[in-house]
Amino acid sequence: MRHPSRLLLPALLLAALALPAPAQETASDTLLTVNHYLDWEQVQDPQISPDGSQIIYTRRWVNKIDDKWESALWIMNADGSHHRFLLKGSDARWSPDGTRILYLADGEPKGTQLFVRWMDAEGASSQVTRVSETPTDPKWAPGGKSIAFVMLVPDSSLWTISLPKPPEGAKWTAAPRVVDDLHYRQDRVGYMEQGFTHLFLVPADGGTARQLTTGHWNVGARFDGLVFGAGYDWTPDGRTIVFDGLRDSTWDGQYRVSRLYTLDVASGAIRQLVSRPGYWADPAVSPDGRSVAFTGYDSTEHTHRTSDLFVAGIDGSGMRDVSHGFDRDPGDLYWAPDGKGVYFTAGDRGSINVHYADLSGAVRDATQGVQIVSVTAVARSGMAVGVRSDPQHPADVVRFDLRRLPTQPLARVTAVNDDVLQNKQLANVEEVWYPSTGGARIQGWIVKPPGFAPAKKYPLILEIHGGPFAMYNVGFSYMFQNFAANGYVVLYVNPRGSTGYGDAFSSAIDHDYPGPDYDDLMAGVDAVIARGFVDTTHMYVSGCSGGGVLSSWVIGHTHRFAAAAVRCPVIDWISMAGQTDIPFFTFSFFHQPFWDKPDEWLAHSSLMYAGHVTTPTLLMTGELDRRTPIPQTEEYFAALKMRHVPTVMVRFNGEYHGTGSKPSNFMRTQLYMMSWFQKHRLGGEQAASSQGASR
């Protein structure tokens, strides 16, 4: 065997020769290029004071030195005037009387702690917790004298072995990590600390936090065992908390199972509110304390199920579905001040609007239009705040009166990116509908470069969303606008499996993924080509996560694309089941486990079609990815290299799932993709013969 050092230089030279030639984005003052991303800002979580006079929100901006997003709380009058920085922190919530806010910030002895600030002229802040774990989801008790929150209670079973005692000064290897739970890692967390999440209560003036729930079970409805916070609400008298979770020690072996419970705060007594088998979450108590609204669905063997909005008595009686005919997923639940109905948001055909369900089951639109609107807080008067975006406008804080919707327009009260977009030519976004196989009608959008000329031929990027049970929406997309600024037409669509089109549409890929969604993507490309402005020798396909699944699937079934950027993919379902932090979700795509029916798993794995791939492929995944871990990318990379397909793997440092959480990595993602696309085109004859070709 030759010495490895003798192989190093030739290998490096070959790697260098395989890389694309450098390509730079042209700097521009009139187009939205990646350098403008360094000045981009975001708004989140606006909260309106109980009297409706002031708004606090979280504002995020790029720290150009430390390559991360910074955030702080800003405050303004309800009309947007007197807009100013308030303090460093997040998760602000007004006290019931409006005299104070709670918020989370770094404190002592370490890490995130809960604080309270008086909203008078003095503006004094006090740290009210000194806990060793991170408090989350804080909520004021109705009287304002105490604050509830959720926190991990560490609990691990030590495996004691009779290891000899190390000699003094010895440096033995650290003890191994002992894992006996199926769910032991989580994307953006890494290895999870062993323990259980429970409810706590702390005096608003500070003091010792009291644990309200105990046991080897978790407060908070979980998706595949992962921690994403908890849904809970107080009754108006402050005596009871309604919460979601699973009070069952078998939680680690349960998938899409959650219950609703009531907790007597004084005694600690817990009673199950909804016992019906299913996934029930996000409780919201009515103003009179007699009813609870929540979301969920009955137990199902299907891979995905659209949620409904339910209402039940505070004792669990009279449970009824008040949105069954609506057939969309409800979220952001807020009772009307008069208690006669519930406001909620829902995705529908690419838009997200506010809707109202009265207790009889009738649902009406509260806001309308091609837009993304959230509801994040409601004042006593019914004045509400949220965040709004559309294809031409990035997210900003908006104010609106729930009682006057939909006739009264939403009032925008921030304009955090107007300075960046001043004098910028933005791409126009056109909605399209087209037919696909099985009689399906598919919605998509075409992003056209600034100065678009229909007679000109443009390169096309087909960008595919993840999930797969998710929805491309009509919110502002920096990614798509940046591609368009560089002369690309971008096509993004919601193929079958997407949410926002009803349960039958999202279930069309049930145990068949990838499946008809591929047909929908190719039909979309055909529909855009038919318009006459696409250069078919310069067509590209890309996507991350579920989009990585489908982009790798696409190039294994057609040669029509000149190049692909496959980001954070799943290419081998069998190995994915043992690598991912969502094993139950992975198994749910198949009727039987792979040890009983491997053919089904292999038939839907892109890796099995690597022998058909000729498309130059750029692979991009985060080194820390726990959702679609980088071994998935490595398997595909090795297979394509063995076949001599032009392939480069880009491993992003400091990234979990996705490749753009850090500002520099978002810009790298854009530039690597465009550089790869600029390098590759199809030959004229190949493009003509490959158009529409599939296997």
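Structure report, in brief. (Residues numbered from 1 in each chain as written. Predicted model: local features only at pLDDT ≥ 70, side-chain atom pairs only at ≥ 80, totals over all residues. Heavy atoms only, no water.)

### Comments concerning the pattern of salt bridges
Let me state the cut-off plainly: Throughout this description, the term salt bridge denotes a Lys or Arg side-chain nitrogen within 4 Å of a carboxyl oxygen of Asp or Glu. Secondary structure counts use DSSP, requiring at least four H or I residues in a row for a helix and at least two E residues in a row for a strand, with both numbered from the N terminus. When a residue's accessible area, from a 1.4 Å probe over protein chains only, is under 20% of the maximum for its type it is buried; when over 50% it is exposed; and in between it is partly exposed.
One pass over the full model with this rule turns up 22 salt bridges. As a salt-bridge pair, Asp 581 and Arg 627 come within 2.6 Å of each other at their nearest N and O atoms. Here Asp 581, found in the loop between helix H7 (573-579) and helix H8 (583-587), pairs with Arg 627, found in the loop between strand S39 (617-622) and helix H10 (630-642); they are 46 residues apart in sequence, far enough to count as distant. By the burial criterion, Asp 581 is buried, and Arg 627 matches it. Residues Arg 651 and Glu 634 are paired through a salt bridge, measuring 2.7 Å at the closest nitrogen-oxygen approach. Note that Arg 651 is positioned in strand S40 (residues 647-652) and Glu 634 in helix H10, a separation of 17 residues in sequence. Accessibility expressed as a relative area gives 30% for Glu 634, which makes it partly exposed. Salt bridges sharing common partners tie together Lys 68, Glu 70 and Lys 88.

### Digging into the sheet that holds S39
This is how the line gets drawn: The pairing criterion is simple: DSSP has to find at least two bridges between the two strands. Every axis corresponds to a line fitted to the C-alpha atoms, with the helix fit spanning only the stretch in contact, and the corresponding angles, defined between N-to-C directions, vary from 0 to 180 degrees. Residues are treated as being in contact if the distance between any of their heavy atoms lies within 4.5 Å.
Taken in spatial order, the eight strands make up an open sheet running S33-S34-S36-S35-S37-S38-S39-S40, and their pairing is mixed. The two strands at the open ends of the sheet, each matched to only one other strand, are strand S33 (428-435) and S40. Recorded for the sheet is a direction-independent mean angle of 20 degrees between the axes of neighbouring strands. Relative to strand S37 (residues 534-544), strand S35 (residues 458-464) runs parallel, the two sharing six bridges. Looking at the pairing, Ile 461 lines up with Tyr 540 of S37. Across the sheet, helix H6 (residues 546-555) lies against S35, S37, strand S38 (563-567) and S39, angled at about 140 degrees from S37, the strand it touches most. With respect to the sheet, H10 is in contact with S39 and S40, its orientation differing from that of S40 by roughly 160 degrees.

All quantities given are derived from atomic positions and should not be read as evidence of function.
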